[in-house]
Amino acid sequence: MGSAHHLFDEMPERNSVTWACLISGCTQNEMPDEACALFKEMISAGILPNHYAIGSALRACQELGSYGFRLGLQIHGLILKTRHAFDMVVCNALISLYGSFMDSATYAYRAFREIEGKNSIAWNSIISAYSKRGEAVTAFELFSNMQHECSGRSFRPSEYTFGSLITVASCSIDCLSLLEQLLAKTKKFGYLHDLYVGSALVSAFARSGSLDTAKEIFEQMPLRNVVSMNGLMVGLVRQKRGEEAAEVFVKMKDLVKINIDSYMVLLSAFAEFSLPGEGRRKGREIHAYAIRIGLSDSKVALGNCLINMYAKCGAIDDACSVFELMNDKDPVTWNSMIAGFDQNECFKDAVITFCAMRRTLLMSSKFSLISALSSCASLGWMRMGEQIHSEGLKMGLDLDVSVSNALLALYAETGCIVECKKVFSLMPKYDRISWNSIIGAFADSESSISDAVGYFVEMMRAGWSLNNVTFLNILAAVSSVSLCELLRQIHVLVLKYRVMDDTGMENALLSCYGKSGELDICESIFSRMGDRRDNASWNSMISGYIHNELLHMAMDLVWLMLQNGQRLDCFTFATVLSACASVATLDRGMEVHACGVRACLESDVVIGSALVDMYSKCGRVDYASRFFELMPVRNIYSWNSMICGYAKHGFGHKALEIFTRMKLEGQRPDHVTFVGVLSACSHVGLAEEGFEHLDSMSEVYSLTPRIEHFSCIVDLLGRAGDLDKIEDFISRMPVRPNVLIWRTVLGACSRASGRKTDLGRRAAEMLLELEPENAVNYVLLSNMYASGGKWDDMAKARAAMREAAVKKEAGCSWVTMKDGVHVFVAGDNSHPDRDAIYLKLKELQRKMRDAGYVPQTKFALHDLELENQEELLSHHSEKLAVAFVLTRKSKLPIRIMKNLRVCGDCHDAFKYISLIVGRQIVLRDSSRFHHFTDDPAEVLAAKAHGQLGAPEGAGWEKGLGEALEEAVLNGNMSCGFSDKTDLLPVGFGHQDWVQNVHNPVEAVKPYRALFEDLRLVVYGHHQFFITFSLPLHKAMPSSQQDTGGAYESSNLKTLAFEL
């Protein structure tokens, strides 16, 4: 062009042709500025431009963007009154100019309409203009008109015609149908083997997913270039077939001239490998090759592709290295890095990189905004998300539907339902993702399920097509409230939209119908699934059975699952173990445990935590402890299960030891942890320590105590006998007492032997106001009056219960034997082995009385004769259950379940029975587990409580019986008398006056007639004392007089036991 320009300058005379040649040359050589400057100079020189000069100038204007478009409008105005206004060349240039810049193709069509004698170039220009705008219908209408007009003329559609039509067809809704018609047309006109048309067809079919057709056309092309190869590779990459795309590259790399776009497509193919590690390895090879030949620094786009490839292959560190080494970074570079962090769950890094991009003064794009918002949603950073939202508002990006969808996801994920609703209402337009997002947001909030259904109906009314995600979201909403009728209507829509064959949809329906109790429909869906069943299908069916308390059917399905060769996953095991724990079926739980061992899932932390929980709730806290210690990794659920397990079994000190270990190992406790800790403190009477733990929740761990924690403290105070402090504590609670609190208060008053009945009466009034139809409230009130001997008030409470027409749940106990589950009620005569049971029970009663057992008749009806009261106590359901077990030959521990709390008499009786038969007894009632061993120390507590009386002093209220039951009591007991007046552990440092006896209680019997002011006191966990007043005028028994005369000098005596 330099020589042409020099020659032009030396010409003495120039005409319109001379100017037109130079202007055209500049345009063709991508020098639009010089072409436009020459055109202006030509007009200034008074030379009238010809149609070639005008056409070339207009094409140069098109290359200059918005500035060139304004000049183009001026040129059009200049030629409107000349003959060139209707010239073919000029009009074609105008069609192209207006088609590129105007909001619609109307002006381009006007220019086309002015052409007289339209040729193929004119038709191609207008079809191209509409194709570029994606207006497929108009483009194909013009193509039809073109064929009609050219039928009697010398021109016909060219390769450029088909190139434009193929482009617009690939972007249309019914793309495959249009592309197949165009394929037939290209074959008819003989353009199938044309390089340009063939490449366009390969790319279009590949992008639309019809890869077999694309490959077939590619193979049939006599000539193939890098464009056709890249087009096929792009299509394969879009269909996640990265390996095949790489194979095309390897096959063609020596046959075509590879360009940088080829390497970029190849890198994107590595990101779609089924094995990310293999893709990463090959990506590094191309990266090394690019560095060697100097490509890595030549184009920012290649660096962007490398970042994208490494990020998608999981090598985020390599992506960071490429990012850091890039000298030039464009917005795509930053977007790729932020998106890469987000995809690899490096959410904090994504937000930090977004902030770093803003510091470079680069404007955020919708892509960076979406990735940053997604990371904020994953982190739960609502405040940061709001700041990014503000930035989007400033730049108007919130109007973009994709950004709005990301905002919906952010606010839904952080539980900001109101903000979610506001964002949706302000969106100028919606897509299907928007509707799905808002429905999903409300579906996750149980209080807004009606809104989710409302949006679902509104979406249908707006004419949107429902897809799998829509149905999955609305089904999630419906399942949480078990709306069977609505569920059936949604099921009908699922069938109507033909998405029922999707496994995820069937699993969702299984889950919903299972929670709604429609197991017949569940079984029908499950049976029709056949080979489509996956782990989620089996798990949903198993969960449905468990939810409807059909554990045996759930277990049968587990065995069927194993027989079918279906591998059990963690969720299956955790679900079934949780069910076993809920109904305390130890045998079933152990069977599932064995399956877990065979499946090599025992070391999984989720299953491990479920096993600890199951064994604890099934009465084998020893197994739970053993498995807990063997766990290679523990999470918060593991620690909580062990702490709560020990607390539930009455081993409070062990629970607190686990809590201490938990803190030392760096595991942060949560609300559930403190429920177990406070419950443990309650069971062992550690009132001060309990309050310290309650305070630490907010002061140390920033946890706000909940109502269940306050309930534990109320129970702790009640067990410690500090009833006066309960009322003050309740008045200072930051939350209003609920049913749980008042029931705990009433239960504490029921155990207080008639003290603080005014507090109990107030608690009962609140309970009857909140739950007037709950029989437990009346029973607790009646028990409180009975414990204080207020029989008239007790009768009134029972009369009120009858008047309210509520019924107390019938007490029953059950045991699981090899031949099934055996259930008993009080005085039961329905069992086939009743004769043997009552015979064994009579034998046990005789042996217990010989061992010193005295029935505690206060736990029987007061209006019966003493003999009848004792008989009624002896026929309690738990005693029948243990007698039944003893009719069978076994030495295994006896495990009994009871639906109500065990009475005090049965509790003491079981201690004697355990000692008599030499077997451990584990009783699970509605409150906790009770362990009875054949250790004589257990019986000692029962004898002290029963045979020596039931003292009402502070020592007993501090929980002697429970303290003894909680402790691990081993070794011999020593007994002695001391004249010490204090309650320190006297004698344990002075063995010279301690007298060892075989039976401490027998040693006390001679003094029983002399006892006054009998009192029981606890000291520590291994010592307790029985103190009594001995009148000075009464003599000691002769059998004890040789122990020393000190006993005559003091009237306060202490019987000390060391365990």
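As named in an unreviewed UniProt entry, the protein chain is DYW domain-containing protein, taken from Escallonia rubra. You can read under Sequence similarities (unreviewed entry) in the UniProt record for the protein chain the words "Belongs to the PPR family. PCMP-H subfamily."

## Looking at unusual backbone geometry
A positive phi angle, close to 55°, is found at E30, a residue other than glycine. Mapped onto the secondary structure, E30 falls in the loop between α2 (16-28) and α3 (32-44). A relative accessible area of 72% means that E30 is categorised as exposed. Of note in the backbone geometry, K240 takes a positive phi value of approximately 60° without being a glycine. Taking relative accessible area as the criterion, K240 reaches 56% and is therefore assigned exposed.

## Points about the packing of helix α22 (residues 366-379) against helix α24 (residues 401-413)
Two elements in contact, α22 and α24, have axes whose closest approach is 9 Å; the angle formed by their N-to-C orientations is 10°. Relative to α24, the element α22 is oriented roughly parallel. Here K366, L369, I370, L373, C376 and A377 of α22 lie close against α24, whose contacting residues are S402, V403, A406, L407, A409, L410 and E413. In terms of residue class, the contact of α22 with α24 is built from 10 nonpolar, one polar and two charged.

## Details of the environment of G117
Here G117 is to be found in the loop between α7 (106-113) and α8 (120-132). Judged by relative accessible area, which is 46%, G117 ranks as partly exposed. Along the chain, G117 and D87 lie 30 residues apart, while their C-alpha atoms are 9.8 Å from each other.

## Observations concerning the layout of surface pockets
Roughly 1,100 Å³ of volume is contained in the second largest pocket. Surrounding the second largest pocket, 33 residues form its lining, L586, D587, V815, T816 and M817 being those nearest its centre. Elements with a minimum of two residues in the lining of the second largest pocket: α34 (570-583), α35 (586-598), β1 (812-817), β2 (820-825) and β3 (894-898). Broken down by class, the residue content of the lining of the second largest pocket amounts to 18 nonpolar, five polar and 10 charged.

## Concerning the side chain of S199
Mapped onto the fold, S199 is located in helix α12 (residues 195-207). Sequence-distant contacts of S199, defined by excluding residues within four places in its chain, comprise D194, M221, N225, V227 and S228.

Scoring rules and cut-offs
- Residues numbered from 1 in each chain as written.
- Predicted model: local features only at pLDDT ≥ 70, side-chain atom pairs only at ≥ 80, totals over all residues.
- Heavy atoms only, no water.
- UniProt positions renumbered as here; feature names shortened; annotations may be inferred.
- Helix = DSSP H or I, 4+ residues; strand = E, 2+ residues; numbered from the N terminus.
- Buried < 20%, exposed > 50% of the residue type's maximum accessible area, 1.4 Å probe, protein only.
- Axes fitted to C-alpha atoms, helices over the stretch in contact; angles between N-to-C directions.
- Parallel < 35°, antiparallel > 145°, perpendicular 65-115°, else oblique.
- Contact = heavy atoms within 4.5 Å.
- Nonpolar A, V, L, I, M, F, W, Y, C, P; charged D, E, K, R; others polar.
- 1 Å grid on protein atoms, 1.4 Å probe; cavity = no way out; pocket = protein on both sides within 12 Å on 5 of 7 lines; lining within 4 Å.
- Points joined across faces, edges and corners; volume = space filled by probe spheres on them.

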